[in-house]
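Topology and contacts: notes
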Amino acid sequence: MLLLGGGKMGEALVGGLVAQAWSHAKAITVVEPYESRRKDLASRYPGLRVAANVGEAIDGATDGAPDGAALDGAWRPDGAVIAVKPADVRAACRDLASVRVPRVLSIAAGVTTKSIESWLADDGDAPSPAVVRAMPNTPSLIGAGAAAIAGGTSAGNDDLAWAAAILEAVGTVVTVSEAALDAVTGLSGSGPAYVFLVAEALIDAGVLVGLTRPVARQLAVQTLLGSARLLDETGEEPSSLRASVTSPGGTTAAGLRALESAGVRSAILDAVAAATERARQLGSQ
Ligand SMILES: NC(=O)c1ccc[n+]([C@@H]2O[C@H](COP(=O)([O-])OP(=O)(O)OC[C@H]3O[C@@H](n4cnc5c(N)ncnc54)[C@H](OP(=O)(O)O)[C@@H]3O)[C@@H](O)[C@H]2O)c1
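Description of the structure in this document. (Residues numbered from 1 in each chain as written. Predicted model: local features only at pLDDT ≥ 70, side-chain atom pairs only at ≥ 80, totals over all residues. Heavy atoms only, no water.)

What follows concerns the side chain of Ser140. Position of Ser140 among the secondary structure elements: in the loop between strand E8 (130-135) and strand E9 (145-151). Residues in contact with Ser140, not counting those within four places in the same chain, are Met9, Ala12, Gly145 and Val170. (Helix = DSSP H or I, 4+ residues; strand = E, 2+ residues; numbered from the N terminus. Contact = heavy atoms within 4.5 Å.)

Bringing the environment of Ile107 into the picture now. Here Ile107 lies in the loop between strand E7 (103-106) and helix H5 (113-120). Looking at Ile107, the relative accessible area reads 9%, which means it is buried. With 56 residues separating them in the primary sequence, Ile107 and Ala51 have C-alpha atoms 20 Å apart. If near-sequence neighbours (up to four positions away) are discounted, Ile107 is found in contact with Met9, Ile82, Ala83, Ala134, Pro136 and Leu167. (Buried < 20%, exposed > 50% of the residue type's maximum accessible area, 1.4 Å probe, protein only.)

Here the phi dihedral of Arg100 falls at roughly 60 degrees; this positive angle occurs in a residue that is not glycine. Residue Arg100 is classed as partly exposed on the basis of its relative accessible area of 46%.

By nearness alone, 18 residues border the ligand, and Lys8, Met9, Glu32, Val84 and Lys85 come closest of all. With respect to the ligand, the backbone of Gly5 contributes an N or O atom lying 3.4 Å from a nitrogen atom. Contact distances for the ligand include 3.4 Å between an oxygen atom and a backbone N or O atom of Ala109. For the ligand, whose unbound accessible area comes to 890 Å², protein coverage reaches 80%. For the shell around the ligand, the class distribution of residues is 11 nonpolar, three polar and four charged. (Near = heavy atom within 4 Å. Polar contact = N/O pair within 3.5 Å; in protein donor to acceptor, adjacent residues only side chain to side chain. Areas by Shrake-Rupley, 256 points an atom, 1.4 Å probe, with all protein chains shown as cover. Nonpolar A, V, L, I, M, F, W, Y, C, P; charged D, E, K, R; others polar.)

Turning our eyes to something else, we now look at the nonpolar core. Counting residues in hydrophobic clusters, the biggest one holds 31 residues, and the most contacted among them are Leu3, Ile28, Leu48, Leu105, Ile149, Ile166 and Leu167. Among the secondary structure elements, those contributing two or more residues to this core are helix H1 (8-19), E8, E9 and helix H6 (157-168). In terms of residues, this core owes the most to one element, H6, which gives six residues. Those residues within four positions of Leu105 in sequence are excluded, and the remaining contacts are Ala80, Val81, Ile82, Val132, Ala134, Trp162, Ala163, Ile166 and Leu167. Val84, Val89, Leu96 and Val111 belong to the second largest nonpolar core, which has 22 residues in total. (Core = buried A, V, L, I, M, F, W, Y, C linked by side-chain atoms within 4.5 Å.)

Attention now moves to the pairing of strand E10 (residues 171-175). Relative to E10, E9 runs parallel, the two sharing five bridges. Its bridge partner being in E10, Ile149 is matched across the sheet by Thr175. With respect to chirality, the unit in which E9 leads through H6 into the neighbouring parallel E10 is right-handed. (Pairing = 2+ DSSP bridges. Right-handed = clockwise from strand over helix to strand, strands pointing away.)

Geometric values such as these leave the question of function open.
This is the structure we're talking about:
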């Protein structure tokens, strides 16, 4: 597999894939322009192949190709992942067009499969690669991501399964239509920032009611973590978990009334709708 972009997300994917034994490090070739970054990655993941550009990745693999398809003695990767900044996707596709990989997964925010397909098309008569686009989120960096994938015009179930398996190495994955990716951006893409805002407010609130900041932080973080795990592991609805900790005339009921009268529920609806709309605007530019 060819991985274009050895940045934060690129490294998270390498780490996840190796840890999950989806792949040996030596079956992945990372294309990364910065030499110091290539050295870091190669030393952290023994056996990982690194190259400064796509041409070097292919040429450098002729002696002892990684676990990819060897065609006529020349190595061809089984797929490529684009993990570069959105502004660099066009250049990455141009580099890939000559390699003729069968499938491409892009995690670049806001870049449509239609654009990627057109940038990957070369002038020859070889079939264009299948394109799958994903919207991951930052907890992927610690293996706790939430991502959605959507297939382009020629992506089949095999291509979606291949892309899902890669992203499952760093979290949970759902499949949606490409039109729904803006909504995914509004919910789980931007979602970690909403949760961090709640965390900040909880810590400040703890300080307000007399706790030290370190104590408030420890309690707030574990409250968020524990509540999310309870929701996940019990499979219960959030409304029923909330009702079960709200005793008549009690402290939680008093706290919840304050949240409802401040309009927290509708503020969250507005936040997700605003972020979705913004993703739509950015994608159409
Ligand atoms: N970080 C996240 O949690 C997150 C969440 C959702 C989506 N994403 C998306 O994931 C993508 C990668 O994000 P990131 O945070 O990993 O960014 P990053 O840390 O900046 O990594 C991008 C890497 O790709 C390199 N690069 C640029 N052009 C290249 C090319 N033509 N071929 C090969 N490598 C090239 C960059 O080098 P230069 O520095 O020279 O450009 C950089 O090392 C972005 O499109 C982002 O929108 C990230």
